[in-house]
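# Structural overview for review
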Amino acid sequence: MNHPITLTVNGVVREATVPARRLLSDCLRHDLGLTGTHVGCEHGVCGACTVLLDGEPVRSCLMFAATADGHEITTVEGLAAADGTLSPAQRAFAECHGLQCGFCTPGFLCTVTAFLRENAAPTDEEVVEAISGNLCRCTGYQNIIKAVHRAAELQAETRADKEEGAR
Amino acid sequence: MTDTMSEVGRARRRKEDARLVTGRTQWTDNIQLPGMLHVAFLRSPMAHARITRVDVSAARGRPGVVAVFGGADFAAEQGSLPCAWPVTEDVVIPDHPPMAVSEVRYVGEAVACVVATDRYKAADALDAIEIDYEPLEPVLDMTEALAEGSPTVHESGNKAFTWKFAQGDIGEAFRDAPVVIDRTFVQQRLIPSAMEPRAVVAQTDGDRFTLHSATQIPHILRVMLALTTGIPEHRLRVIAPDVGGGFGSKLQVTAEEVLCLLITRRLGRPVKWTESRSEGNLTVHHGRDQLQRISVAAERDGRIRGVKVDLLADMGAYLMLVTPGVPLLGAFMYNGIYKMDAYDFTCTGVFTTKMPTDAYRGAGRPEATYAIERAMDELAVEVGLDPMEVRRRNWIKHSEFPYTTIAGLTYDSGNYEAATDRALALFGYDKLRAEQADRRDRRDPVQLGIGISTYTEMCGLAPSRVLGSLSYGAGGWEHAEVRMLPTGTVEVVTGTSPHGQGHVTAWSQIVADALGVPFEDVSVIHGDTASSHKGMDTYGSRSLAVGGIALVQACEKVREKARQVAAHLMEASADDVEFSDGRFRVRGTTTERTIQEIALATFAAHDLPEGFEPRLDAQATFDPDNFSFPHGTHLCAVEVDTETGATTIRSYVAVDDVGKVVNPLIVEGQVHGGIAQGIAQALFEEAVYDAEGNLLTTTMADYLLPSAADLPDFVTDRTETPATTNPLGVKGAGEAGTIAATPAVVNAIVDALRPYGVRDVRMPCTPERVWRTLQNRALQNRALQNRALQNRALRNEEGASA
């Protein structure tokens, strides 16, 4: 049986009709054409498919699309500002060479985005803990850890700029 | 142009990243074509069996199913998956049908497939296919496989080939040798585990075929697929779009690529197949899996006389693209960076009923480096020297380069002293040794171990004549084309096929320097045989050291053409026209033209030298004279908890010499990633088969890839000894970390446990394995003590009775 669902993805209301077993990752990629979300293992280990569901990181390969009905989803395509300005995490990953092949990157970016929202100035241990559910085969993680710290810095600068602007 | 202005050497941020961090990517699995069908493969649940019946009829009626095929349906046209490296005269290359027809030889081998309107429905219908098997004996252990009376994988037996290489008098080296080290090391089977699963999209318009594949080798694949399927090469286009890592695993001609082409030819509709991770763990070729016996004959002062290696290499069930060649890439490396008078190498390739092995990051060279570097530590203990000192006494001195090794390779350049001194300083070697002594004295349950790995590798595969002499089926050149466009920007077409290495950025830097154009004004086309017609692709740390040089040569040709035009326009002799920083200037004057002006003038072609063809583009194909030989010193300190067996890497220092560096950011990234994979082999990863030949590590939960929490912070640095065999002075950088790291870690663990009598720990050195090794040693020690006590008691009794 197919189910009509409505998701708000990256601020856009999207409708789809999906079988109950359709994975959220497949729905995003193949029904909605948002191929920035990648599927690395389909069993919830690698974290490449991580998206934000109502702001919280979830593995879209472990969730049915129908379960996400009515929820807000942010994918890697929705992390940059509307004018295309990269988010702090996106900028930091590029600056610190925190990616090579880039396949795991969208999952890391979503995880890190949510993490820095909760913890704006993390320690090394906190960073490692936060990203330990995402696997990368290229970088050895050192530059990713560096990138998370850099993203925290950029986030703080952006906030300071905004406050400055508001005054 | 001053050196500080040079693009080469700058830590340029990558051009690739803007797309990758925003999700604007083009993976094969992204592709959706009108009318596209999805393929799912049914795979053998048996390690070895005869197929006695295949009935696909029930699957045909399942929802969404368009076609179902068994092996017999393709038997007449599927050919045999190619092995391009028949290493010896006696090599047995068994028929390797992409879909099994009459016999299966490993769990995971494709036996049937469903083509349906969506991926889920295709997978559903697999359940309705009926296949009967008559079980045959699995063959799982290499040593047993070679024993008389063993069940056989193929009718010809279990031996694939024996390859021998000898230099010097090995008998003399071992005769009355004061010290002989004889060890057997196990290179466990590994799963390369690129993050992007394999995916294939095949389409045809009835005449021409296009195959998208997550491959490292679009060019080689095209040739091989044409030969395998009979689709003429000129009507077959292969595209490697964005490819998410390879590490050798996508250096292959796979069954699924062939079968998707055959299915699209049969049905006339586009088809897609994307593997699941479990499917990938079963059927992406595996790496390593060798049993290494290494013997070192040495003098009392630690100087090596000779090295003898006897290798068993698990081929798995079939020989794939370069399966038998992988151990031979190590054959010339077991002597490492050391001088000796004799070397003897024998490798026997063995068939087993497991997934075939093939290239995995380093391919042959990590195995060789592991064996010699482990043996060097054992030698140091035997002769009572510090392990670094025993290396110093044996390695090729900086003043001795170029040096032709006992294995016949000429190492063009290197400075082991410099890299080692730098590494020792960064590591704080002496202080750590002092701490180790202290912990040993205190009998601290957490012991400290220090591991050394001084390595070199041969990379930049490879001089074509060398490949020819080793019976490899192709050359090792690389191709590049450089086109100056009318507006002065530059388009590069490269035969390399990046999948994470940052070629677009590095190639832009090289061109920017060579033509004096801005970095931003260079774009790079790759990975599509329609636009990049010629190439040898990316593996073996070859792209920069071979493809980068082809690019330099193509740029030189463009520059010389531009010089002709510039001279003509400035009414000067070409000999009087100098080029620097993108400008042609008549020597001794201020008359000049920019290269962009020349590009436009060439495009307009209004006023060109007599007979000058109006084009400012050029191609070059570079075939290297020699390999490149990066080297370095890696030092690892571990803490091993002797009560739990847990190993923690406390510090890791890597000083690598990859020659001249084009982009330090990218090189550092390659080193980091390489070290991570090397550490992973030492501590975490192993593909495990059970006694029936079932793979047990089919998920990422079972096959342990390290996460950020599992790896230390690496300290990396470089020394720079330029290669003398290419104009950029570059060496390969992609595999060095993986090659160096594994022995550094295991040497450290063994070093920590030496006071307990431990001489080796089998990889991966999991806490359980370390703990068991310690328990076994303890039991043995106790047995020895008991025997000594009994002997003493006996002697006392005898004394008393006398």
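Predicted, not measured: the structure shown is a model, and the values here were computed from it. (Residues numbered from 1 in each chain as written. Chains lettered and ligands numbered in written order. Predicted model: local features only at pLDDT ≥ 70, side-chain atom pairs only at ≥ 80, totals over all residues.)

### A short note on the overall build of chain A
Heads up, the condition is: By the criteria applied, helices consist of DSSP H or I runs no shorter than four residues and strands consist of E runs no shorter than two, each listed in order from the N terminus. C-alpha atoms define the radius of gyration, and 2.2 Å times the number of residues to the power 0.38 defines the globule rule. Residues with at least 20 neighbouring C-beta atoms inside 10 Å of their own are called buried, those with 12 or fewer are called exposed, and the rest are partly exposed, where every C-beta is derived from the backbone. What counts as a contact is two residues whose backbone-derived C-beta atoms lie within 7 Å of each other.
Summing up its helical and strand segments, chain A has five helices and five strands in all. Overall, chain A shows an N-to-C arrangement of helices and strands of β-β-α-β-β-β-α-α-α-α. For a compact globule of 167 residues, the expected C-alpha radius of gyration is about 15 Å, and chain A comes in at 16 Å, within 12% of that figure. Projected onto its principal axes, the C-alpha coordinates of chain A cover approximately 50 × 40 × 25 Å. Looking at chain A residue by residue over its 167 residues, the buried ones come to 59%. Considering only contacts in chain A between residues 6 or more positions apart, those separated by 24 or more positions represent 59%.

### Some points on the sheet that holds strand S15 (residues 342–351) of chain B
All names here are of chain B. For clarity, the cut-off: The criterion for strand pairing is that DSSP finds at least two bridges linking the strands in question. For helices, the fitted axis covers only the stretch in contact; all axes are lines through C-alpha atoms, and the angles between them, taken along N-to-C directions, range from 0 to 180 degrees.
Pairing in this open sheet of five strands is mixed, and the strands run S7-S15-S14-S13-S8 from one edge to the other. In the strand order of this sheet, the two ends are held by strand S7 (159–167) and strand S8 (179–190), each with one partner. Direction aside, neighbouring strands of the sheet carry axes that sit 10° apart on average. Where strand S14 (residues 304–316) meets S15, 10 bridges bridge the pair, whose relative direction is parallel. Residue Gly-316 lies in a different strand from S15, and its bridge partner there is Phe-351. Lying over the sheet, helix H11 (residues 365–383) contacts S8, strand S13 (287–298) and S14, oriented at roughly 145° with respect to S8.

### Looking at the sheet that holds strand S2 (residues 49–55) of chain B
All names here are of chain B. Read from one edge to the other, the open sheet built from three strands follows the order S4-S2-S6, with strand pairing classed as antiparallel. Each edge of the open sheet carries a strand with a single partner, namely strand S4 (103–104) and strand S6 (130–135). Bridge count between S2 and S6: six bridges; the pairing is antiparallel. Bridge pairing in S6 links Arg-53 to Asp-132.

### Considerations on helix H1 (residues 24–31) of chain A
Residues and elements named next belong to chain A. Among the eight residues in H1, six count as buried, and that is most of the element. Of all the positions in H1, only Leu-24, Ser-25, Asp-26, Cys-27, Leu-28 and Arg-29 are classed as buried. The inward-facing, buried residues of H1 contact strand S2 (12–19) and strand S3 (50–53). Immediately beyond the C-terminal end of H1, within one or two residues, lies Gly-33, with a positive phi of roughly 70°.

### What about the domain arrangement of chain A?
All names here are of chain A. What counts, and what does not: By convention here, the domain bounds are inherited from an automatic or database domain assignment. Throughout, the ten residues Ala, Val, Leu, Ile, Met, Phe, Trp, Tyr, Cys and Pro are labelled nonpolar, Asp, Glu, Lys and Arg are labelled charged, and all others, Gly among them, are labelled polar.
For chain A, the domain assignment lists domain 1 (2–78) and domain 2 (88–166). Computed from C-alpha coordinates alone, the two centres of domain 1 and domain 2 are separated by 22 Å. Taken together, the contact pairs 16 residues of domain 1 with 12 residues of domain 2. Tallying contributions element by element places S3 first for the side of domain 1 that touches domain 2, with three residues. Residues belonging to the side of domain 1 that touches domain 2 are distributed by class as follows: eight nonpolar, seven polar and one charged.

### What about the packing of H11 of chain B against helix H12 (residues 387–394) of chain B?
Residues and elements named next belong to chain B. Threshold: Roughly parallel refers to an angle under 35 degrees, roughly antiparallel to one over 145, roughly perpendicular to one between 65 and 115, and oblique to any angle outside these ranges.
Two numbers describe how H11 lies on H12: the axes approach to 8 Å, and their chain directions differ by 105°. The angle between H11 and H12 places the two elements in the roughly perpendicular class. Along its contact with H11, which presents Met-376, Asp-377, Leu-379, Ala-380 and Val-383, the element H12 presents Pro-387, Val-390 and Arg-391. Among the residues forming the contact of H11 with H12, the class breakdown is six nonpolar, no polar and two charged.

### As for the nonpolar core
How we decide: By our criterion, buried Ala, Val, Leu, Ile, Met, Phe, Trp, Tyr and Cys residues that link up through C-beta atoms within 7 Å make up a nonpolar core.
Of all hydrophobic cores here, the largest spans 303 residues; its most connected members are Cys-113, Val-511, Val-745 and Ile-749 of chain B. Leave out the neighbours within four places in its chain, and Cys-113 of chain B touches Val-39, Ala-40, Phe-41, Leu-42, Phe-69 and Leu-259 of chain B.

### Some words on the interface of chain B and chain A
Listed by partner, the interface residues are 39 residues for chain B and 44 residues for chain A. At six residues, helix H19 (residues 664–683) of chain B tops the list of elements feeding residues into the side of chain B that touches chain A. By residue class, the composition of the side of chain B that touches chain A is 17 nonpolar, 16 polar and six charged.

### Observations regarding the pairing of strand S1 (residues 37–43) of chain B
Moving residue by residue along a regular strand, the side chains alternate between the two faces of the sheet. All names here are of chain B. Across the seven residues that make up S1, a large majority, seven, are buried. The side-chain alternation of S1 yields two buried faces, one formed by Leu-37, Val-39, Phe-41 and Arg-43 and the other by His-38, Ala-40 and Leu-42. Bridge count between S1 and strand S12 (residues 271–274): two bridges; the pairing is parallel. Note that in S12 the partner of His-38 across the bridge is Lys-272. In terms of strand pairing, S1 meets strand S5 (residues 110–116) through six bridges, oriented antiparallel. Note that in S5 the partner of Arg-43 across the bridge is Ala-110.

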